[in-house]
Amino acid sequence: MRNFIYRAEELKDSLTELRENGVSKGAWTGFDSLFDKYSVKKGSTTYIYAGAHQGKSQFGFELMMNLSEYSGWKWAVYSPETGSPTEVFAELLWVYLRKPYLVNDKVTASNEEAERAISFIDEHFYIIDSGLQDLSVEGFYTCVTEIENKGIKIDGCLIDPFTEIKTDVSAGVRDDIAIGQVLTKVRKHSSDNNYHTIVTVHTKHQQAKYKNGIPYVDKPTMNDIAGGMQWSRKGMMIINVWRCPYGLEDSNGVPYEPNQVEVTVVKAKPKIVGKLGSVTLYYDKVKNRYYELDDFGSKRFAYDDPSKPAPVIPTISQEELEF
């Protein structure tokens, strides 16, 4: 039991550091509006929930890429729904390049751009794939440890989605208890090894509604996740991604844009890392990236440092619009 019991005197150095320096905010996430409510702290977790085809995986990829580009993070990625390891790498390359990696007749990265991108992705991302075998959360983190045993420090982990992780439901454990057990392990592994683990999770089926003949689903709550109470209890930063229903209007009577996405922080712990509230982002399907609007209504994709001017991103050509 000694490893579970601490006294203040034993932690005097860390307490002194906390007293003098305070608690710092997490890493920059690439967008001014988002960073106001969400940052990424090592040793913690982010759970992203959404319905089908709402962009939760893509939002996770956006976060990973921004932290790799702007903070040098290295990632262990388990994303079997994205596809094979080759297909996951191809998706990451598209995100990094901000243009399709695959050759097509509209817009494609050059061979030189592709080579530079592969070098970057090779340095920052490690794909974990279990093939046809089930993967437990312990198995996932064992793979991460194997990567680190090669002298590589992993900063972040992505499990996308949670349903691909084996639980003890088949052994007769109640569904919500089994989910809670896995989430406890995710939190402990992240804390003990100073990783930030992002987990995406599907919501339960939501019945479509209709307004003016336009189908849509309400913005889900944590209760719409299977075992929702466990996610609420175990989570540190919890985020919902919701594609706004194009053709309808928001509560202020403003029509939604066709690519508008609402990112809502529904739980923020510790408080210094983020705060509750929603942010409006937009998804560019050609660049495979999100962007925000600046004070002048212009597009602003993720950029390096909030103290520097945002980079100028080339405007989209007619060919790209037709992609």
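Residues numbered from 1 in each chain as written. Predicted model: local features only at pLDDT ≥ 70, side-chain atom pairs only at ≥ 80, totals over all residues. Heavy atoms only, no water.

K.L.:
Just give me the short version of the overall build of the chain, but keep the residues and values in it.
P.N.:
Within the chain, the regular secondary structure consists of 9 helices and 14 strands. Looking at the 323 residues of the chain, the share that counts as buried comes to 44%. For the chain, the proportion of contacts with a sequence separation of at least 24, taken over those separated by at least 6, is 66%. Taken as a whole, the chain presents about 17,100 Å² of accessible surface, with 51% of it coming from carbon and sulfur. (Helix = DSSP H or I, 4+ residues; strand = E, 2+ residues; numbered from the N terminus. Buried < 20%, exposed > 50% of the residue type's maximum accessible area, 1.4 Å probe, protein only. Contact = heavy atoms within 4.5 Å. Areas by Shrake-Rupley, 256 points an atom, 1.4 Å probe, with all protein chains shown as cover.)

K.L.:
Pulling in residues and values, what's your account of helix H7 (residues 175-193)?
P.N.:
Helix length check: H7 (19 residues) gives 27 Å between terminal C-alpha atoms against 27 Å at 1.5 Å per residue, within 8%. All of the buried residues along H7 are Ala-178, Ile-179, Gly-180, Val-182, Leu-183, Val-186 and Ser-190. In this fold, the buried residues of H7 make contact with strand E1 (45-50), helix H6 (137-148), strand E6 (165-166), strand E7 (196-202) and helix H8 (228-234). Note on H7: the residue one or two positions beyond its end, Asn-194, has a positive phi of about 60 degrees. (Expected span 1.5 Å × (residues − 1).)

K.L.:
Pulling in residues and values, what's your account of the sheet that holds strand E3 (residues 125-127)?
P.N.:
Across the sheet, which stays open at both edges, the 10 strands sit in the order E3-E2-E5-E7-E1-E10-E11-E12-E13-E14 with mixed pairing between neighbours. Since the sheet does not close on itself, it has two edges, and those belong to E3 and strand E14 (299-301), each with one partner. Strand after strand, the sheet turns through a mean of 30 degrees between neighbouring axes, direction not considered. Each of strand E2 (75-78), E3 and strand E13 (289-293) touches helix H4 (residues 85-97); the most contacted strand, E3, lies at about 155 degrees to it. Strands in contact with helix H5 (residues 111-124) are E2 and E3; relative to E3, the strand with the most contacts, it is inclined by about 70 degrees. (Pairing = 2+ DSSP bridges. Axes fitted to C-alpha atoms, helices over the stretch in contact; angles between N-to-C directions.)

K.L.:
Break down the environment of Glu-257 for me, citing the residues and quoting the values.
P.N.:
Considering the arrangement of structural elements, one finds Glu-257 in the loop between strand E10 (237-243) and strand E11 (260-267). Note: C-alpha distance between Glu-257 and Cys-244 (13 residues apart in sequence) is 7.7 Å. For Glu-257, the residues in contact, after removing those within four places along its chain, are Tyr-246 and Tyr-282.

K.L.:
Before we move on, can you summarise the pairing of E7 with the specific residues and values?
P.N.:
Looking along a regular strand, one sees side chains alternate from face to face of the sheet. The buried count for E7 comes to 6 of 7 residues, which makes it a mostly enclosed element. In this sheet, E7 lies alongside strand E5 (residues 156-159) in parallel orientation, the contact comprising 4 bridges. Counterpart to Leu-158 in the pairing with E7 is Ile-198.

K.L.:
Give me the side chain of Thr-46: which residues, what numbers.
P.N.:
Residue placement: Thr-46 occurs in strand E1. Since its relative accessible area comes to 0%, Thr-46 is described here as buried. Of the polar contacts made by the side chain of Thr-46, one reaches the side chain of His-196; its length is 2.7 Å. Excluding residues that lie within four positions of it along the chain, Thr-46 makes contacts with Tyr-38, His-196, Thr-197, Ile-198, Val-199, Met-237 and Ile-239. (Polar contact = N/O pair within 3.5 Å; in protein donor to acceptor, adjacent residues only side chain to side chain.)

K.L.:
Any details on the packing of aromatic side chains? Residues and values, ideally.
P.N.:
Counting across every chain of the model gives 14 aromatic pairs. Taking 6.1 Å as the distance between ring centres and 0 degrees as the angle between the ring planes, the aromatic pair formed by Tyr-141 and Tyr-195 counts as stacked. Within this pair, whereas Tyr-141 is found in helix H6, its partner Tyr-195 is found in the loop between H7 and E7, the two being separated by 54 residues in sequence. By relative accessible area, which is 1% here, Tyr-195 ends up buried. Residues Tyr-291 and Phe-301 carry aromatic rings whose centres are separated by 5.2 Å and whose planes lie at 50 degrees to one another, so their mutual orientation is tilted. Linking Tyr-291 in strand E13 with Phe-301 in strand E14, this pair joins segments that are 10 residues apart in sequence. Phe-301 carries the same exposure label as Tyr-291, and that label is buried. Clustering of aromatic rings is evident, with ring pairs tying together Tyr-78, Phe-140, Tyr-141 and Tyr-195. Here the guanidinium or amino end of Lys-25 rests over the ring plane of Phe-35, the centre of that ring lying 4.3 Å away. (Phe/Tyr/Trp six-rings, centres within 6.5 Å; stacked < 30°, edge-to-face > 60°. Lys NZ or Arg CZ within 6 Å of the ring centre and 35° of its normal.)

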